[in-house]
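Observations on the model geometry
In case you want the letters, here they are:
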Amino acid sequence: MRRTLFVALASLTTLAAGAAIAQQDGPPRGMPAPEDVFKRWDSNSDGAVDKAEWTGAGRPEDRFAMIDANKDGKIMLDELKTAFETMRQRRMQQGEGPPPGPPPEGAPPQN
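Since this is a predicted model, take the numbers as computed values, not measurements. In this numbering scheme, every chain counts its residues from 1 along its sequence in written order. This being a predicted model, a pLDDT of at least 70 is required before a residue's local features are given, and a value of 80 or more before pairs of side-chain atoms are given or counted; all residues contribute to the totals for chains, interfaces and linings. Excluded from the side-chain calculation are hydrogens and water; included are all heavy atoms of the structure.

**Brief notes about the packing of aromatic side chains**
Within 6.5 Å between ring centres, the rings of Phe, Tyr and Trp (the latter by its six-membered ring) count as paired, and their orientation is classed by plane angle as stacked under 30 degrees, edge-to-face over 60, tilted in between. As enumerated under the stated definition, the model contains two aromatic pairs in all. Relative to Trp54, the ring of Trp41 lies with its centre 5.2 Å away and its plane at 75 degrees, an arrangement referred to as edge-to-face. Of this pair, Trp41 sits in helix H2 (residues 34–41) while Trp54 is found in helix H3 (residues 51–56), placing the two residues 13 residues apart along the sequence. Relative accessibility decides the category of a residue: with a 1.4 Å probe and only protein chains considered, values under 20% of the type maximum give buried, values over 50% give exposed, and everything between is partly exposed. The buried category is assigned to Trp54, whose relative accessible area is 3%. Aromatic side chains Trp54 and Phe64 sit 5.8 Å apart centroid to centroid with 80 degrees between the ring planes, which places their arrangement in the edge-to-face category. On the criterion of sequence distance, the pair formed by Trp54 in helix H3 and Phe64 in helix H4 (residues 64–67) is long-range, its members being ten residues apart. Of the two residues examined, Trp54 and Phe64, each falls in the buried class. One aromatic cluster in this structure is built from Trp41, Trp54 and Phe64. Two conditions define a charge sitting above a ring: the NZ of Lys or the CZ of Arg must be within 6 Å of the ring centre, and it must be within 35 degrees of the ring normal. For Arg59, the ring lying beneath its charged end belongs to Trp54, and the centroid distance is 5.9 Å. Helix numbering and strand numbering both begin at the N terminus, where a helix is a DSSP run of H or I of at least 4 residues and a strand a DSSP run of E of at least 2.

**What to know about helix H5 (residues 77–94)**
Helix length check: H5 (18 residues) gives 26 Å between terminal C-alpha atoms against 26 Å at 1.5 Å per residue, within 8%. Where H5 is buried, its residues meet H2, H4 and strand S2 (74–75). In the stretch just after H5, Gly95 is the one whose phi turns positive, near 75 degrees. Here the expected span of a helix is defined as 1.5 Å times the quantity of residues minus one. Contact between two residues is taken to exist if any of their heavy atoms lie within 4.5 Å; hydrogens are not considered.

**Structural notes on the environment of Phe84**
The residue Phe84 is located in helix H5 in this model. Classification of Phe84 as buried rests on a relative accessible area of 9%. Note: C-alpha distance between Phe84 and Ala33 (51 residues apart in sequence) is 8.8 Å.

**Describing unusual backbone geometry**
Generally, phi is negative for residues other than glycine and the peptide bonds are trans, each holding for most cases. Notably, Ser45 is not glycine yet its phi reads approximately 55 degrees, a positive angle. Within the secondary structure layout, Ser45 lies in the loop between H2 and strand S1 (49–50). Here the phi dihedral of Lys71 falls at roughly 55 degrees; this positive angle occurs in a residue that is not glycine. If you trace the backbone, Lys71 turns up in the loop between H4 and S2.

**Quick look at the packing of H2 against H5**
Under this scheme, a helix contributes an axis fitted over its contacting stretch, all axes are lines through C-alpha atoms, and angles between N-to-C directions fall in the 0 to 180 degree range. Between H2 and H5, the least distance of the axes is 10 Å, while the angle of their chain directions is 130 degrees. Considering their axes alone, H2 and H5 lie oblique with respect to each other. Seen from above, H2 lies across H5 with right-handed handedness. Packed against H2, whose contacting residues are Pro34, Glu35, Val37, Phe38 and Trp41, the element H5 presents Leu77, Leu80, Lys81 and Phe84 at the interface. Under the convention adopted here, Pro, Cys and the residues Ala, Val, Leu, Ile, Met, Phe, Trp and Tyr are nonpolar, Asp, Glu, Lys and Arg are charged, and Gly plus all remaining residues are polar. Here the contact of H2 with H5 is built from residues that sort into seven nonpolar, no polar and two charged. Throughout, the term roughly parallel applies to angles under 35 degrees, roughly antiparallel to angles over 145, roughly perpendicular to angles from 65 to 115, and oblique to all others. Note on convention: near helix rotated counterclockwise from far helix by under a right angle means a left-handed crossing. Clockwise means right-handed.

On their own, these measurements won't tell you what the molecule is for.
Shown next, in the form of structure tokens:
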């Protein structure tokens, strides 16, 4: 009887914790904030990430256009935030969880 009660209590605790985590607002754990990523990628601190900064941060060149929503050759923080939210929603719908963060500083470029 004690064992059954213990297992039931442990199961309820796990379910309650899972529900609380699922209701959290903001980026999931492990997903970097767009502001932090942008600040790291904007190497000349001009408030925009151009293609040279993008590739210099190890990002694939062909993905630049997907983030540059207004096609002005620069990624602004708002564009990056929108892209992060779109990725987050897509991954949550697919049940994959948050996307991996950016490559660590000094990592070789991804191709």
